[in-house]
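Results of the structural survey
Chain by chain, the residues:
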Amino acid sequence: MLVVLPLYILTIMKIGRQKASSPAILLLLLGIFLSFITPALNHKNPIQYSDVSDAETYVTLSEGLSIKEIITTVPTILGAQYVPYILILRTLFILSFENRYLFISSALLLNFLVCSLSISLVQSYVFKVLALPRTSTNVILWIALLNPGLLFLAISPVRDSLILFSLAGSWFYLSMFLDKQVKSFIIKHIIFMIILGLFRVQYVPFFLILTVLLLSSRAVRPVRNVPLSPLAFSFLLFFSMILILPMGILKQTFSPAGLAEIISDEFETEIRDLLYSGTSKFDIAKRYTVLFVQRLVPNILGRGWLYDLYYYLTTDKITFNYSNVFKATFLFLYDFYRYVILLPTIATVLINREVRRELDLIFWFYLLVAIFYTAKFGAFQPRIRIPIEFLLSPIILVRSRWYIKWLPTFILAAILLGISEVVFRLQIF
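Structure report, in brief.

Moving on, we come to the overall build of the protein. A tally of helices and strands in the protein yields 22 helices and 0 strands. For a compact globule of 429 residues, the expected C-alpha radius of gyration is about 22 Å, and the protein comes in at 21 Å, within 12% of that figure. By principal-axis analysis of the C-alpha atoms, the protein measures approximately 55 × 55 × 45 Å. Sorting the 429 residues of the protein into buried and exposed places 54% on the buried side. Carbon and sulfur atoms make up 68% of the accessible area of the protein, which amounts to about 19000 Å² in all.

Dropping the structure here:
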């Protein structure tokens, strides 16, 4: 708290002095309120003041372990990529006088701070790369940057806001380098890639592979003229990885976790056995094909905003994302936002080659991550998709000329999709 709060105030003052209005200011102001009221709402949770989610584990480890113990113990419990974030939490705990309420509040303030900086990076991309006038108060830009999913990420002490920030920085400075050919931009890009590797290391090879592929074929893009080509290319790249990568890497990277809950124990066991038995990689690829067919529609629909709110208001067993009313509300708003804004824009880029010219890396990256998480966990979880969708939507919306005209249709489609998701989930449960 001693460090985060002064940085937070300085950021508000700095962004406030800019001539162009910024949605980042609104997010920062909301963050002050939500960072202090949310822990109070979480007061009765098993880990007092904490969110009921992975955050429980992070809070317990950061409070109970010394810095040395975090470095040596956390890799065996959660994995090495969780060490940097839990070290950050440990530092915040110490600087909050080891008071849990202040500790959780400062962790949430940090989330809002880095989310606001991410907004500034994306806004700079729109101004400097897409060349939208800096004085513009384009309503579409505000809608794109104030994605309710950012609030959903920010009010839980998890590392996804830092992943968002490092992704935004990597993508922005790479885009600036490609546009301006200034060496300092590639250095900043590398710095952000290193930060990204600290929090979600598997994104780094995806980012690098796609960068090399896109740069090497920059002059010749025949697939741009083919509808749905990004989706087909992403699946082709995924299956190529299965066939090319050594079996040891496949076991470590693609071994499933969570398919039993989503599909069945037998399905997860079958894929794991194929990976560990040294069988033909073509058999592994065929089994993953079945998985993608089964999970395509549920992963497009998402969590289901009507069902999520209904669950929170009616159940006595409030767990995971339902630990307080703000998380339930922001998840509700995020799902509605996806149906009204993101799904139409994603559909547009899949079939419109003119829009694809300005997306390149971030859209290919989005598709590849969606495929990877479907293969690994059977689901493309909201907190995984939010950062990349946040980067994706401004590019399409700022360039769109048809969106406002068709907005009532998208809202109607959102309601129908929400009802469809409720029916789907009720059938499962």
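There's plenty left to go through after this.
To continue, consider the packing of helix α5 (residues 83-95) against helix α6 (residues 100-128). Close contact between α5 and α6 brings their axes to 9 Å; oriented N to C, the two are set at 130°. Classified by the interaxial angle, the pair formed by α5 and α6 is oblique. The chirality of how α5 crosses α6 is right-handed. In contact with Ile88, Leu89, Leu92 and Phe93 of α5, α6 contributes Phe103, Ser106, Ala107 and Leu110. Classifying every residue of the contact of α5 with α6 by side-chain character gives 7 nonpolar, 1 polar and no charged.

Before going further, it helps to spend a moment on the pattern of salt bridges. Counted according to the given criterion, the structure contains 10 salt bridges. Among the ionic pairs, Glu63 bridges to Arg100, the shortest N-O distance being 2.7 Å. With Glu63 in helix α3 (residues 54-64) and Arg100 in helix α6, this pair connects stretches of sequence that are 37 residues apart. A relative accessible area of 19% places Glu63 in the buried class. Exposure remark for Arg100: the relative accessible area of 27% places this residue in the partly exposed category. Linking Arg383 and Asp160 is a salt bridge whose minimum nitrogen-to-oxygen distance equals 2.9 Å. Here Asp160 lies in helix α9 (residues 160-180) and Arg383 lies in helix α21 (residues 382-399), a separation of 223 residues in the sequence. Among the residues examined, Arg383 registers a relative accessible area of 23% and is labelled partly exposed. Owing to a relative accessible area of 0%, Asp160 belongs among the buried residues under this scheme. In this structure, a network of salt bridges that share partners links the residues Asp54, Asp160, Arg200 and Arg383.

Take the layout of surface pockets next. Considering only enclosed or pocket space, the second largest pocket measures out at about 520 Å³ in volume. Leu231, Leu296, Ile300, Ile346 and Leu367 are the residues nearest the centre of the second largest pocket, which is lined by 23 residues in total. The set of elements that each furnish at least two residues to the lining of the second largest pocket consists of α12 (229-244), α16 (281-301), α18 (325-351), α20 (361-377) and α22 (407-428). If one sorts the elements of the lining of the second largest pocket by residue count, α18 sits on top with 7 residues. Of the residues contributing to the lining of the second largest pocket, the split by class is 18 nonpolar, 2 polar and 3 charged.

Moving on to the packing of aromatic side chains. Summed over the entire model, instances satisfying the criterion amount to 26 aromatic pairs. With a centroid separation of 4.9 Å and an interplanar angle of 65°, the aromatic rings of Phe172 and Tyr173 are classed as edge-to-face. You'll find Phe172 and Tyr173 in the same group, each marked buried. For the ring pair Tyr373 and Phe377, a centre distance of 5.6 Å and an interplane angle of 25° mean the geometry is stacked. With Tyr373 and Phe377 both in helix α20 and 4 residues apart, this pair spans about one turn of that helix. Judged by its relative accessible area of 3%, Tyr373 falls in the buried class. Through successive ring pairs, a cluster of aromatic residues spans Phe206, Phe235, Phe238, Phe239, Phe254, Tyr288, Phe292, Phe372, Tyr373 and Phe377.

Turning next to the nonpolar core. Core analysis: the biggest nonpolar cluster contains 137 residues, and Leu167, Tyr203, Phe238, Tyr288, Phe365, Val369 and Leu391 have the highest contact counts within it. A total of 16 residues in this core trace back to one element, the largest contributor, which is α6. In this structure, Phe365 is in contact with Leu167, Tyr203, Phe206, Phe207, Leu210 and Ile388, ignoring residues within four places of it in sequence.

Looking at where Ser234 falls in the secondary structure, it is placed in helix α12. Note on Ser234: relative accessible area 2%, which makes it buried. With residues near it in sequence (within four places) discarded, Ser234 still touches Trp364, Leu367, Leu368 and Ile371.

Even without glycine at this site, Phe97 takes up a positive phi of about 60°. Here Phe97 is to be found in the loop between α5 and α6. Here Phe97 falls in the exposed class, since its relative accessible area comes to 58%.

Along the chain, Gly149 falls in helix α8 (residues 148-154). What Gly149 contacts, discounting residues up to four positions off in sequence, is Tyr334 and Ile386.

As for its position among the elements, Ser255 is in the loop between α13 (247-254) and α14 (259-262). Contacts of Ser255, omitting those with residues within four sequence positions, involve Leu250, Arg272, Leu275, Tyr276 and Lys376.

A separate point is the packing of α18 against α21. For the pair α18 and α21, interaxial distance at closest approach is 10 Å and the crossing angle is 50°. When the axis of α18 is compared with that of α21, the two are oblique. Pair α18 / α21 crosses with left-handed handedness. Packed against α18, whose contacting residues are Leu331, Tyr334, Tyr337, Arg338, Ile341, Leu342, Thr345, Ile346 and Val349, the element α21 presents Pro382, Arg385, Ile386, Glu389, Leu392, Ser393, Ile396 and Leu397 at the interface. By residue class, the composition of the contact of α18 with α21 is 12 nonpolar, 2 polar and 3 charged.

Scoring rules and cut-offs
Residues numbered from 1 in each chain as written. Predicted model: local features only at pLDDT ≥ 70, side-chain atom pairs only at ≥ 80, totals over all residues. Heavy atoms only, no water. Helix = DSSP H or I, 4+ residues; strand = E, 2+ residues; numbered from the N terminus. Rg over C-alpha atoms; globule rule 2.2 N^0.38 Å. Buried < 20%, exposed > 50% of the residue type's maximum accessible area, 1.4 Å probe, protein only. Areas by Shrake-Rupley, 256 points an atom, 1.4 Å probe, with all protein chains shown as cover. Axes fitted to C-alpha atoms, helices over the stretch in contact; angles between N-to-C directions. Parallel < 35°, antiparallel > 145°, perpendicular 65-115°, else oblique. Left-handed = near helix turned anticlockwise from the far one by under 90°. Contact = heavy atoms within 4.5 Å. Nonpolar A, V, L, I, M, F, W, Y, C, P; charged D, E, K, R; others polar. Salt bridge = Lys/Arg side-chain N within 4 Å of Asp/Glu carboxyl O. 1 Å grid on protein atoms, 1.4 Å probe; cavity = no way out; pocket = protein on both sides within 12 Å on 5 of 7 lines; lining within 4 Å. Points joined across faces, edges and corners; volume = space filled by probe spheres on them. Phe/Tyr/Trp six-rings, centres within 6.5 Å; stacked < 30°, edge-to-face > 60°. Core = buried A, V, L, I, M, F, W, Y, C linked by side-chain atoms within 4.5 Å.

It is worth stressing that arrangement in space is one thing and function is another; only the former is reported here.
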